[in-house]
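Structural overview
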There are 2 protein chains.
Amino acid sequence: MTDINSSKPFSGGPNRPRPRTGKSGGNPLFLREEELRQAIEMLFFAYRDFTGEPDKILAERGLGRAHHRVIYFVGRYPGMTVSSLLDILKITKQSLSRVLSQLVQEGYISQEQGSVDRRQRLLTLTDQGHEMERLLTETQRKRIARAYRAAGPEAVEGFRAVMLGIMSSDDDRDRFGDRPE
Amino acid sequence: MTDINSSKPFSGGPNRPRPRTGKSGGNPLFLREEELRQAIEMLFFAYRDFTGEPDKILAERGLGRAHHRVIYFVGRYPGMTVSSLLDILKITKQSLSRVLSQLVQEGYISQEQGSVDRRQRLLTLTDQGHEMERLLTETQRKRIARAYRAAGPEAVEGFRAVMLGIMSSDDDRDRFGDRPE
DNA sequence: AATTTATGTCAGTCATGTTGACATATATGC
DNA sequence: GCATATATGTCAACATGACTGACATAAATT
């Protein structure tokens, strides 16, 4: 076999596998089922590619996706507390601890005692942290910008509405309450 | 402190962290930056919740998210080959191998020698595999259905357009070429 | 007959998540 | 002031799922 087809799965030929759709032709549920499955797959493919570039950059520096998340959200909410971060990421304190202390140690994040509640360690990015944040987020911002531009403003509204609907909690939806006017 | 606020990060008070937006007020790039960051975060929150329920079900049965992906795509493309699966998942052969052989051993997936190319192992779900696939996918289908219903058909079109734009490769976009009419 | 392809496997490593227990400092309620 | 709750950190042990690199086999292709 030449390699003409090898990079394209299911690229043709009599034995090309076809999606299994469960119900048969005229059933009105058929389309709905197919539509929903496509959404499931789109989420998988889009998220896989969305995280791919930052993952590469991180790996070159001995960091992982978990570090990216922490850097991202600390950059987004400067002075946030550890518990806020735990609420957002929905991982355990121990999982965060490992990642966070590494980031502090390697100079990406600085901790400062809270003035109101002195038990809190308020988290902020160092200059190095900001630089890394920009480097990582830039790839994702470009990707989204490209998709938004290609799809148009109405599509963007639709995308946002569906994404909000997919989330489980109102608390998370509320983060997006203030639309950019 | 009472727990009135503890479940809602940033729920108020003078010290509530605010998003850092980089550029200042009147800059037209400001809104764009905020809009793009919201998209980045929506992808994170939506995907986190989207995978949460299946992950729980899987964990109860000693399986993980990787098993779900394999079960899902084999259910979707019955008779698919191992290399097709590798192309879709974009993981290494070794990573897939462990997951796949466990699924075969535990009776979720059966392998059959290809008739055209006898090197191939064509993958299909067993009855038990189908049952598991339904169990797992049902939670995600319901979630998407709810989001689609709430957002409306135009929003769904927009969602699809943006998701396609986020993907890296035309090969993946092509999977969604045949719209449900 | 030589090469390529499809698949499988072994050994080792790393990142990231988990649970459960325990420790410390600080804040809050009575 | 004392008891309790909260915010944070830390230890040990473990599982999953990704990786690399090397090697093996059978079948297809050239």
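Everything numeric in this text was worked out from a predicted model, so none of it was measured. (Residues numbered from 1 in each chain as written. Chains lettered and ligands numbered in written order. Predicted model: local features only at pLDDT ≥ 70, side-chain atom pairs only at ≥ 80, totals over all residues. Heavy atoms only, no water.)

1. Describing the overall build of chain A
Operational definition: Secondary structure counts use DSSP, requiring at least four H or I residues in a row for a helix and at least two E residues in a row for a strand, with both numbered from the N terminus. Here the term buried applies to any residue with accessible area under 20% of the maximum for its type, exposed to any over 50%, and partly exposed to those in between, with areas from a 1.4 Å probe on protein chains only. Contacts: residue pairs with any heavy atoms within 4.5 Å of one another. Here, Shrake-Rupley sampling with a 1.4 Å probe gives the accessible areas, and only protein chains in the shown set may cover a residue.
Helix and strand counts for chain A stand at seven helices and two strands. In chain A, the order of α-helices and β-strands from amino to carboxyl end is α-α-α-α-β-β-α-α-α. Taking all 181 residues of chain A together, the buried fraction comes to 47%. For chain A, the proportion of contacts with a sequence separation of at least 24, taken over those separated by at least 6, is 47%. By element, 48% of the accessible surface of chain A is carried by carbon and sulfur atoms, the whole surface being about 9,600 Å².

2. Observations regarding the protein's contact with DNA strand C
The following threshold applies: Here, proximity means that at least one heavy atom of the residue falls within 4 Å of the molecule or strand. In the analysis that follows, any N or O atom pair within 3.5 Å is treated as a polar contact, provided that within protein one partner can donate a hydrogen and the other can accept it, and provided that, for residues neighboring in sequence, both atoms belong to side chains. All amino acids are sorted into three groups, where Ala, Val, Leu, Ile, Met, Phe, Trp, Tyr, Cys and Pro are nonpolar, Asp, Glu, Lys and Arg are charged, and the leftover types, Gly among them, are polar.
For DNA strand C, the set of nearby residues contains 26 residues, the closest of which are Ser95 and Arg98 of chain A together with Ser83, Lys93 and Arg119 of chain B. Arg65 of chain A places a polar main-chain atom, nitrogen or oxygen, 2.6 Å from a phosphate oxygen of DNA strand C. The side chain of His67 of chain A places a nitrogen or oxygen atom 3.2 Å from a phosphate oxygen of DNA strand C. Put simply, the parts of the chain that give the surface near DNA strand C at least two residues each are helix H2 (65–76) and helix H4 (93–105) of chain A together with helix H3 (82–89) and helix H4 (93–105) of chain B. When residues of the surface near DNA strand C are assigned to their parent elements, the largest contribution, four residues, is made by H2 of chain A. For the surface near DNA strand C, the per-class residue count stands at five nonpolar, twelve polar and nine charged.

3. Things to note about the interface of chain A and chain B
Keep this limit in mind: Buried area is a sum: the accessible area each of two parts loses on coming together, probed at 1.4 Å, counted once for each and added. We define a salt bridge as a side-chain nitrogen of Lys or Arg found within 4 Å of a carboxyl oxygen belonging to Asp or Glu.
Across the boundary between the two partners, chain A contributes 81 residues, which contact 81 residues of chain B. Buried area between chain A and chain B, summed over both chains or domains, comes out near 8,400 Å², and the portion from carbon and sulfur atoms is 65%. Its largest share of buried area at the contact with chain B, chain A owes to Ile40, Met42 and Arg76 of chain A, together 9% of the area lost on that side. Residue Arg141 of chain A is joined to Glu33 of chain B by a salt bridge in which the shortest nitrogen-to-oxygen separation is 3.3 Å. The interface formed by chain A and chain B includes 26 residue pairs in polar contact (both at pLDDT 80 or more). Elements represented by at least two residues in the side of chain A that touches chain B include exactly helix H1 (28–60), H2, helix H3 (82–89), helix H5 (127–151), helix H6 (153–166) and helix H7 (170–174) of chain A. Among the elements that make up the side of chain A that touches chain B, the one with the highest residue count is H1 of chain A (20 residues).

4. Notes on the side chain of Gln140 of chain B
Take Gln140 of chain B: it is sitting in helix H5 (residues 127–151). Judged by its relative accessible area of 4%, Gln140 of chain B is buried.

5. Some thoughts on the relation of the copies chain A and chain B
Inclusion rule: Least squares is used to superpose the copies, and the fit set is the C-alpha atoms of residues whose pLDDT is at least 70 in both copies.
Rotating chain A by 180 degrees and moving it 0.0 Å along the rotation axis overlays it on chain B with an RMSD of 0.0 Å. Viewed as a symmetry operation, the transformation between the two copies matches a two-fold axis. Among all residues of chain A, the minimum C-alpha distance to the rotation axis is found for Phe159 of chain A, at 1.9 Å. A share of 100% of the interface residues of chain A reappears at the interface of chain B, consistent with the copies meeting face to face through the same patch.

6. A short note on the environment of Leu103 of chain B
Residues and elements named next belong to chain B. Looking at the element boundaries, Leu103 is found in helix H4. Judged by its relative accessible area of 0%, Leu103 is buried. With residues up to four places along the chain from it excluded, the contact list for Leu103 reads Leu63, His67, Val70, Ile71, Tyr108 and Ile109.

7. Quick look at the environment of Ile40 of chain B
Summarising the element assignment, Ile40 of chain B is placed in helix H1 (residues 28–60). Exposure remark for Ile40 of chain B: the relative accessible area of 5% places this residue in the buried category. If we skip the residues at most four places from it in the chain, Ile40 of chain B touches Phe50, Tyr72, Thr137, Gln140, Arg141 and Ile144 of chain A.

8. Here's the deal with the side chain of Thr137 of chain B
On the secondary structure map, Thr137 of chain B appears in helix H5. Those residues within four positions of Thr137 of chain B in sequence are excluded, and the remaining contacts are Arg37 and Ile40 of chain A together with His68 and Tyr72 of chain B.

9. Comments concerning the pattern of salt bridges
Scanning the model with the defined rule gives 28 salt bridges over all chains in all. Its salt-bridge partner being Arg143 of chain B, residue Glu53 of chain B comes within 2.9 Å of it at the nearest N-O pair. With Glu53 of chain B in helix H1 and Arg143 of chain B in helix H5, the pair connects residues that are 90 residues apart, well separated along the chain. Through salt bridges with shared partners, a single ionic network connects Glu33 and Arg37 of chain A together with Glu133 and Arg141 of chain B.

10. Considerations on the confidence of the model for chain A
Residue and element names in this part refer to chain A. Cut-off, in case you're wondering: As a per-residue quantity, pLDDT reports the predictor's confidence and falls between 0 and 100.
Here chain A averages 84 in pLDDT, and 81% of its residues register 70 or above. Within chain A, no element has a lower average pLDDT than H1, which sits at 87, and none a higher one than H6, at 95. Segment residues 1–16: pLDDT under 50, and 15 contacts once partners within four positions in sequence are set aside and those in other chains are kept. Under a pLDDT of 50 for its full length, residues 22–26 has, in the predicted model, three contacts with residues more than four places off or in other chains.

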